[in-house]
Amino acid sequence: MTTGRSNTFYIHTFGCQMNQADSAIITALLQQAGYTLAESEERAGIILLNTCAVRENAVDRIENYLQHLQGLKKRDKALLVGITGCIPQYQREEMFFNSYAIDFLAGPDTYRTLPLLIEQARTGAKPVSLDFNDSETYEGVDPVRQGVISAFVPVMRGCNNMCAYCVVPFTRGRERSQPFSAVMGEVKQLVASGYREITLIGQNVNSYHDPEQGMHFAALLDSVSREAPEARIRFTTSHPKDISEALVRTIADRQNICHHIHLPVQSGSTTMLGRMNRGHTIEDYKEKIALIRSIIPGVALSTDIIAGFCGEQEEDHQASLELLSSVRFDSAYMFFYSTRPGTLAARTLVDDVPEAVKKRRLQEIIDLQNSISSELFHESIGSVVEVLAESESKRSSLQLMGRTSGNRAVVFDREGYQPGDLVRVLITGTTSATMTGRPERGQEGNPSLY
Ligand code: 5AD
Ligand code: SF4
């Protein structure tokens, strides 16, 4: 092992919450091997980009960043750059041809090899560690997290669904779940460290299946909420096929489980869902929504939706708009389709919707969803909501930013509260993406959960 700056590392994290959780695992593994986390990229001798391959523009962002790193490496010959996560798993050694800046590659299942890869990279070799390992869950690694209020806990990894547009099965491999006992051990530690919010994560979190005793996600969620009664419990991302009545009842019954379900639909047209290989119709989806709403009144729902997938006709697009109007999601992540080499769609379907049409349809989706979100926000003016304060607001230290149980961002007057406090806030206004308000003191009664 070398010393000084060459002994320090910095990680840039792109992509989903799983990647954020993975960066916490990588940090732990490198610290165990004697490396130190640097405060900034400038102070690091090793820079890691933990990357996302889900859409073409995510890959473009990394390519731009690599040009900047190439400049840094020209000035500092000893600097090492490693690419981890979904892009190297997907593009493999080909990445080296695209950028001189890269020294080593590791995929989502091989982070335990990183200390070795770094040693090899120092000798000028260009080591690669991209094997899939369907049993790797990083059990036993104690993640080094950035924040002290909210923690992600990966409970399952990988995906078996094979949605036609999606790279995840090719970047993260087959589904595997963390043993129930390991999840509970991690939750106990988080409680002892005073975390106020625990989010159980997985590419398909509600298909969790305990490898030891066979417990399903509803039982895991119930146990986690009992183990951490003072913390808010969240989970993401759910697949409609794995929304069971038992799961919905657990969310309704346990006071500290947030009343929010992120349930990607991807399209409002059954024809498109079939072509996307989603494994459900739009009627199935609406039935799940009705079940959820009948058991958890006022639940916040959010979704993911793709415009312009292969073969999408104007009537399919209209069906997506109708779905948004009828469900009235709290919020949505909205994308236009970009073909990902190697996926089922790239191999068997034609990416035939012209880019201008994709973008026009996406804009219509965004405009409609924004107006729905803003109507819902307006309806909550005058109500009192419970907000977990997360940080000072970006604009002023006299205000805090936090989230409601339904995951809405709220900026409110500080009035002596600190990040980590659970505050009853009277909503007095809204902006496009946030609600604004002030603490409501001394009032009895249950706050609304929105
Ligand atoms: N093109 C556009 N959006 C995609 N997503 C996944 N793959 C693609 C793709 N090829 C979206 C889906 C998914 C979210 C994480 O990203 O909506 O739920
Ligand atoms: Fe991106 Fe998907 Fe990988 Fe997460 S799992 S980093 S969303 S490609």
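Undergrad: Whenever I open this one, the overall build of the chain confuses me. Can you help?
TA: Looking only at helices and strands, one finds 14 helices and 19 strands in the chain. By the compact-globule yardstick of 22 Å for 450 residues, the chain fits well, its C-alpha radius of gyration being 23 Å. On the principal axes, the C-alpha backbone points of the chain span a range of 65 × 55 × 50 Å. With 450 residues in all, the chain has 56% of them scored as buried. About 19500 Å² of surface is accessible on the chain, with carbon and sulfur atoms providing 50% of the total. Seen as two clouds, the 45 positive and the 54 negative side-chain charges of the chain have centres 3 Å apart.

Undergrad: Sorry if this is basic, but what is going on with the environment of Gln89 here?
TA: Along the chain, Gln89 turns up in helix α3 (residues 86-91). The sequence separation of Gln89 and Arg172 amounts to 83 residues, and the corresponding C-alpha distance is 7.9 Å. Looking at Gln89, its side chain comes within polar contact range of the main-chain oxygen of Leu130, at 2.8 Å.

Undergrad: Help me understand the site of ligand 1 in this model?
TA: Near ligand 1 you find Val54, Arg55, Tyr165, Gln266, Asp304, Ile306, Phe335, Phe336, Tyr337, Ser338 and Arg340, and these make up its full shell. Interatomic distance of 2.7 Å between a side-chain N/O atom of Arg55 and an oxygen atom of ligand 1. When isolated, ligand 1 has an accessible area of 410 Å², and the protein chains bury 87% of it. Elements represented by at least two residues in the shell around ligand 1 include exactly β13 (300-307) and β14 (331-336). Grouping the amino acids of the shell around ligand 1 by side-chain chemistry returns six nonpolar, two polar and three charged.

Undergrad: Could you clarify how one ought to interpret the side chain of Arg157 in this entry?
TA: Note that Arg157 resides in strand β8 (residues 156-157). A polar atom in the side chain of Arg157 sits 2.9 Å from the side chain of Asp22. When near neighbours in sequence (up to four residues on either side) are disregarded, Arg157 contacts Met18, Asp22, Ile25, Pro108, Glu136, Thr137, Tyr138, Arg172, Arg174, Glu175, Arg176 and Gln203.

Reading guide: rules and limits
Residues numbered from 1 in each chain as written. Chains lettered and ligands numbered in written order. Predicted model: local features only at pLDDT ≥ 70, side-chain atom pairs only at ≥ 80, totals over all residues. Heavy atoms only, no water. Helix = DSSP H or I, 4+ residues; strand = E, 2+ residues; numbered from the N terminus. Rg over C-alpha atoms; globule rule 2.2 N^0.38 Å. Buried < 20%, exposed > 50% of the residue type's maximum accessible area, 1.4 Å probe, protein only. Areas by Shrake-Rupley, 256 points an atom, 1.4 Å probe, with all protein chains shown as cover. Lys, Arg positive; Asp, Glu negative; His and termini not counted. Charge placed at Lys NZ, Arg CZ, Asp CG, Glu CD. Polar contact = N/O pair within 3.5 Å; in protein donor to acceptor, adjacent residues only side chain to side chain. Near = heavy atom within 4 Å. Nonpolar A, V, L, I, M, F, W, Y, C, P; charged D, E, K, R; others polar. Contact = heavy atoms within 4.5 Å.

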